[in-house]
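# Residue-level structure breakdown
Residue-level listing of the chains:
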Amino acid sequence: MDRRKVAVIARREYAAMVRTKSFVVSVVLMPALMAGSIWIQTVLAERGATEDKKIVVFDRSGELADDLAVAAAARNQAVDAAAEGEDRADFVVAVDDPAELDDARRLELSESIRQGDLAAFVEIGPGVVDPAKGDAQIAYHAESLAFSDLRRWFEGSARQAVTRHRLLAAGLDDAAIAAGLAPVDFDGRGLYEREEDGSLTVADKTSALVAELAPFGILMLLFISVMMTAQPALQAVIEEKQQRIAEVLLGSVAPTDLMLGKLLGYVGVSLTLVCVYLGLALTAASHYGYLSILPPALIAWMLAFVALAVLLYGSVFVAVGAAVSDLKESQNLVLPLMIVMMAPLFVWTQVIAEPLGSMATILSLIPLMTPLLMPMRLAVSSAIPLWQPLAGLVLTFACALVVITAAGRIFRIGILSHGRPPRIGELLRWALRGE
Amino acid sequence: MILRIFLPDRGRVVVLGNERGRAADDRVGYLPEERGLYRKMKVGELLRFHAQLKGVRAPQAAIDRWLERFELSAWAKRPVEALSKGMAQKVQFIAATLHDPALVILDEPFSGLDPVNHEVLKDAMLDLRRRGTTVIFSTHDMAAAERLCDQVMMIHRGRKVLDGSPAAIRQRYGQDTVRVRVDDPNLDLGALPGVAEARDYGNSKELRLAEDADPQVILRALLDRARVDHFEVSEPSLHDIFVRIARPTQEPAHGPS
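A quick note: this is a predicted structure, and the numbers were derived from the prediction, not measured.

### Brief notes about the overall build of chain B
Looking only at helices and strands, one finds eight helices and nine strands in chain B. The C-alpha atoms of chain B give 23 Å as radius of gyration, which overshoots the globular expectation for 257 residues (18 Å, by more than 25%). Projected onto the principal axes, the alpha-carbon positions of chain B cover approximately 70 × 45 × 30 Å. Residues classed as buried in chain B amount to 44% of the 257 residues present. Counting only carbon and sulfur atoms, one obtains 48% of the accessible surface of chain B, whose full area is about 13,800 Å². Between the centroid of the 39 positive side chains of chain B and the centroid of its 38 negative side chains there is a distance of 7 Å.

### Concerning unusual backbone geometry
All names here are of chain B. A positive phi is found at Glu71, a non-glycine position, where the angle reads about 55 degrees. Structurally, Glu71 is set in the loop between helix H2 (60–69) and helix H3 (85–97). Glu71 sits in the exposed class, given a relative accessible area of 69%.

### Let's talk about the sheet that holds strand E3 (residues 134–138) of chain B
All names here are of chain B. If you walk across this open sheet you meet the three strands as E1-E2-E3, and the pairing is parallel. Every interior strand has two partners, whereas the edge strands, strand E1 (28–31) and E3, have only one. Here the strands of the sheet are splayed against their neighbours by 10 degrees on average, with no regard to which way each runs. Strands in contact with H3 are E1 and strand E2 (103–107); relative to E1, the strand with the most contacts, it is inclined by about 165 degrees.

### Brief notes about the environment of Val91 of chain B
Residues and elements named next belong to chain B. You can see Val91 is positioned in helix H3. Taking C-alpha positions, Val91 is 9.0 Å from Trp66, a pair spaced 25 residues apart along the chain. Discounting chain neighbours no more than four positions away, the residues touching Val91 are Leu37, Val43, Leu46, Leu47, Leu72 and Leu83.

### Looking at helix H3 (residues 65–83) of chain A
Residue and element names in this part refer to chain A. For H3, with 19 residues, the first-to-last C-alpha span of 27 Å sits near the 27 Å given by 1.5 Å per residue. Within the sequence span of H3, burial applies to Ala65, Asp67, Leu68, Ala72, Asn76 and Ala83. Across the axial projection of H3, the buried residues extend over an arc of 165 degrees, all falling on one side. Opposite the buried face of H3, by more than 90 degrees, sit the exposed residues Asp66, Val70, Gln77 and Ala81. Looking at the buried positions of H3, the neighbouring elements they touch are strand E1 (53–59), strand E2 (91–96), strand E3 (120–124) and helix H5 (149–169).

### Quick word on the interface of chain B and chain A
The interface is formed by 24 residues belonging to chain B together with 21 residues belonging to chain A. Overall, the association of chain B and chain A removes approximately 2,100 Å² of surface from exposure, summing both partners, and the carbon and sulfur fraction of that is 58%. The interface formed by chain B and chain A holds one salt bridge in total. Across the pair Glu45 of chain B and Arg19 of chain A runs a salt bridge, and its minimum N-O distance is 3.5 Å. Taken together, the connections running from chain B to chain A amount to two residue pairs in polar contact (both at pLDDT 80 or more). The element contributing the most residues to the side of chain B that touches chain A is helix H1 (residues 43–53) of chain B, with five residues. Taken together, the residues that form the side of chain B that touches chain A break down as ten nonpolar, five polar and nine charged.

### Some thoughts on empty space enclosed by the protein
Under the counting rule described, the total for this entry stands at three cavities of 30 Å³ or more. Roughly 90 Å³ of internal volume is contained in the largest cavity. Looking at which element gives the most residues to the lining of the largest cavity, the answer is H3 of chain B, with three residues. Volume-wise, the second largest cavity comes out at about 50 Å³. For the second largest cavity, the full set of lining residues is Phe223, Val226, Ala309, Tyr313, Met341, Leu368, Pro371 and Leu372 of chain A. Secondary-structure elements contributing two or more residues to the lining of the second largest cavity are helix H7 (208–242), helix H10 (296–323) and helix H13 (370–380) of chain A. Here the lining of the second largest cavity is composed, by residue class, of eight nonpolar, no polar and no charged.

### Quick look at the environment of Val394 of chain A
Residues and elements named next belong to chain A. Turning to its location among the elements, Val394 is positioned in helix H14 (residues 387–414). Judged by relative accessible area, which is 58%, Val394 ranks as exposed. Considered as a pair, Val394 and Asp52 are 342 residues apart in the sequence and their alpha carbons are 61 Å apart.

### Digging into the domain arrangement of chain B
As far as domains go, chain B holds domain 1 (23–138) and domain 2 (175–234). The straight-line distance from the C-alpha centre of domain 1 of chain B to that of domain 2 of chain B is 45 Å.

### Things to note about the nonpolar core
Judged by nonpolar contacts, the single largest core of 135 residues is most densely connected at Leu47 and Phe93 of chain B. The element best represented in this core is H10 of chain A, accounting for 19 residues. Those residues in contact with Leu47 of chain B that sit more than four places away from it in its chain are Ile63, Leu67, Val91, Ile94, Ala95 and Leu98 of chain B. Counting residues in each nonpolar core, the second largest holds 19 residues, with Ile55, Ala72, Val128 and Trp153 of chain A among its members.

### Quick look at H14 of chain A
For H14 of chain A, which comprises 28 residues, the first-to-last C-alpha distance of 39 Å matches the rise-based estimate of 40 Å (1.5 Å per residue) to within 8%. Residues of H14 of chain A that are buried: Gln388, Pro389, Gly392, Thr396, Ala400, Ile404, Ala407, Gly408, Ile410, Phe411 and Gly414 of chain A.

### Things to note about the packing of H1 of chain B against H3 of chain B
Packed helix pairs are characterised by how far apart their axes lie and by the angle those axes make with each other. All names here are of chain B. Where H1 meets H3, the axes come as close as 8 Å, and the angle between the chain directions of the two elements is 30 degrees. One finds that H1 runs roughly parallel with respect to H3. The element H1 and its partner H3 pack so that their crossing is right-handed. Along its contact with H1, which presents Val43, Leu46, Leu47 and His50, the element H3 presents Val91, Ile94 and Ala95. A per-class count over the contact of H1 with H3 returns six nonpolar, one polar and no charged.

What counts and how
Along each chain, the written sequence defines residue order, and numbers are assigned to residues from 1. Naming scheme: in the order in which they are written, chains are lettered from A and ligands are numbered from 1. Side-chain atom pairs in this predicted model are given and counted only at pLDDT of 80 or more, local residue features only at pLDDT of at least 70, and totals for whole chains, interfaces and linings cover all residues. Side-chain measures here rest on the full set of heavy atoms in the structure, leaving out hydrogens and waters. Secondary structure counts use DSSP, requiring at least four H or I residues in a row for a helix and at least two E residues in a row for a strand, with both numbered from the N terminus. Restricting the calculation to C-alpha atoms gives the radius of gyration, and the globule rule supplies 2.2 Å times the number of residues raised to the power 0.38. Throughout, exposure labels follow a simple rule: accessible area from a 1.4 Å probe, protein chains only, divided by the maximum for the residue type, with under 20% read as buried, over 50% as exposed, and the rest as partly exposed. Under the convention used here, a 1.4 Å probe and the Shrake-Rupley method define accessible areas, while residue burial counts only the protein chains that appear. Think of it this way: Lys and Arg go in the positive column, Asp and Glu in the negative one, and His and the chain ends go nowhere. Each charge is placed at NZ for Lys, CZ for Arg, CG for Asp and CD for Glu. Here the rule is simple: two strands pair whenever DSSP picks up at least two bridges between them. Only the contacting stretch of a helix is used when fitting its axis, a line to C-alpha atoms as for every element, and angles between N-to-C directions run 0 to 180 degrees. Should any heavy atoms of two residues lie within 4.5 Å, those residues are counted as being in contact. One fewer than the residue count of a helix, multiplied by 1.5 Å, yields its expected span. The arc in question is traced by the directions running from the helix axis to the C-beta atoms. Put simply, buried area is how much 1.4 Å-probe accessible surface two parts lose in total, over both of them, once they are put together. Whenever Lys or Arg places a side-chain nitrogen within 4 Å of a carboxyl oxygen from Asp or Glu, that contact is recorded as a salt bridge. Whenever two N or O atoms come within 3.5 Å, that pair is a polar contact, provided that in protein one can donate a hydrogen and the other can accept it, and provided that, for residues adjacent in sequence, both atoms are side-chain atoms. Residues are grouped as follows: Ala, Val, Leu, Ile, Met, Phe, Trp, Tyr, Cys and Pro are nonpolar; Asp, Glu, Lys and Arg are charged; all remaining types, including Gly, are polar. Lining residues are those with an atom within 4 Å of a point, where the points come from a 1 Å grid over the protein atoms alone and group into cavities, where a 1.4 Å probe fits but cannot get out, or pockets, open sets with protein on both sides within 12 Å along at least five of seven lines. Grid points are joined across faces, edges and corners, and a volume is the space filled by probe spheres set on the points. Residue ranges assigned to each domain were obtained from an automatic or database domain assignment. For our purposes a nonpolar core is just a set of buried Ala, Val, Leu, Ile, Met, Phe, Trp, Tyr and Cys residues, chained together by side-chain atoms within 4.5 Å. For this classification, under 35 degrees means roughly parallel, over 145 means roughly antiparallel, 65 to 115 means roughly perpendicular, and everything else is oblique. Left-handed is the label given to a crossing in which the near helix is rotated counterclockwise from the far helix by less than a right angle, and right-handed is the label when the rotation is clockwise.

Written out as structure tokens, the structure reads:
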């Protein structure tokens, strides 16, 4: 290996990638897009829809209809008050006679929901308050049950009405019931620490939302940082091959050195990306008082694992680029690779739910997943023993060495061969035997 | 193979006295036939990159000198993709020779060059030779090979068919060629006694003599038929020899290298 030449290649690859417009744009655009989508969602949620939503209720129990009408009025008033005079959607509860409800009427109501004249209709069973009186079910019919404010509101209100009537039947009065159902304040907090001056402090506030978002954010950050170099790396190698630049370069540098130089350049690019994003995240975190979710040790682990991930995945992408002769041919080979890369995205929720569980431990020690899962686990729990990230580091490094060696062989042969794309079998033979 | 990109199936490759490894690399320069330059890089940066790859620590002076010589100084800060084909060829040539190699391999260096650039490049190559650099180049242009080369090797259908200095090669084929210029363009020279083959170059014609034919007899026969402006007994040109070797098989031939 000629270190000087590897360094020259690495410097050029880094400069070539960092200086492209698409890189600058994506560095700026990614956080902007994320912030934008959050902002739009908040704005939309605040504004809400303005069309009134009508719901028809058939109450066979004969007890809930009035409560629901009262609840709707109270809800509408609260929303209007919060909106400060702006127009907001009212929920309108229309009570209908259950005696007239037959299949023809059900069809007719369904039809008018499809037309958009009606939001939903509800059949309340006769036994909802007292199961002895018969069917105790509430059937809510609507076109779509996803993300429906109305359904959530109705479910809560109906439950509350049922509870109230059951308690009334048990002999309580409304005042006692209201007191009994008053909500309890629940606040998730961090852990206590002893400061240097001996005083006890509780860790920065950690809300449940942030606790769940932060690890996912870290996972996505790592994934994106690797993806954003791997894909362009593939294209760059294909371009070099098509324009016969590779031929010239190989007149000056050994193929393995060329590949190593490229990989190191890409590691630099990925680390730059992570640093930019982490810098933004740290600024935001310190501004909002969540700095404790990004301790320095975690950042160090993240950088180490990103570097390894780029070596591991980047080498395969580069080898694929060398083996094929245009971008289209590469897609078949890249697809399985992408699935492997995305595997952590399929299991991350399990890992977060029980970061110390054996499943999380095992998954995060599989070299192909370690770079993404290990930092995420470290972000969730400080109880993870040090040997685990260290073992992950060593295993991933070993795996990267094997992969780079195999990829290097494919690269050496592929980079100068043109024409028909190699079959998987041929690639394997190149990788294993180097010929 | 000289650059150790490909390995020989059989035999040995000795480059500048070195048989193993890539040690000779930095003393070898290579210009491939197809332009292989990063299109987005600026000319100056690209040349610095190539020089550094060859281990030159401070290439700037040499880069400026070469750009000056090839009248490309104004282009140093422009991206490679803005260059014309001839300019790109010159840049590639600079990239191959910046590190003062002991051996330069040029694959079809003159392809796609206009006469002016052709001249500039030829002078640069002769300069390299004067400074003691061995220049190996491939070409289909026999006239250029004949004029420029100390040694010519011809490869036909994967086999070496000719090897030696142009003069020696021509000599081996003997004085069997006659160049003539006559005033009657339609005269069938091939029909003359003792002429094995006649080739028409427009203004002048070239005759290959049959074995043991006497040029004097042919001259006399010619004078009977037309006015002779020029009559020269000479060695065949490399071009001729090339055609003679390649033609019987009617296969596409590769140039000498």
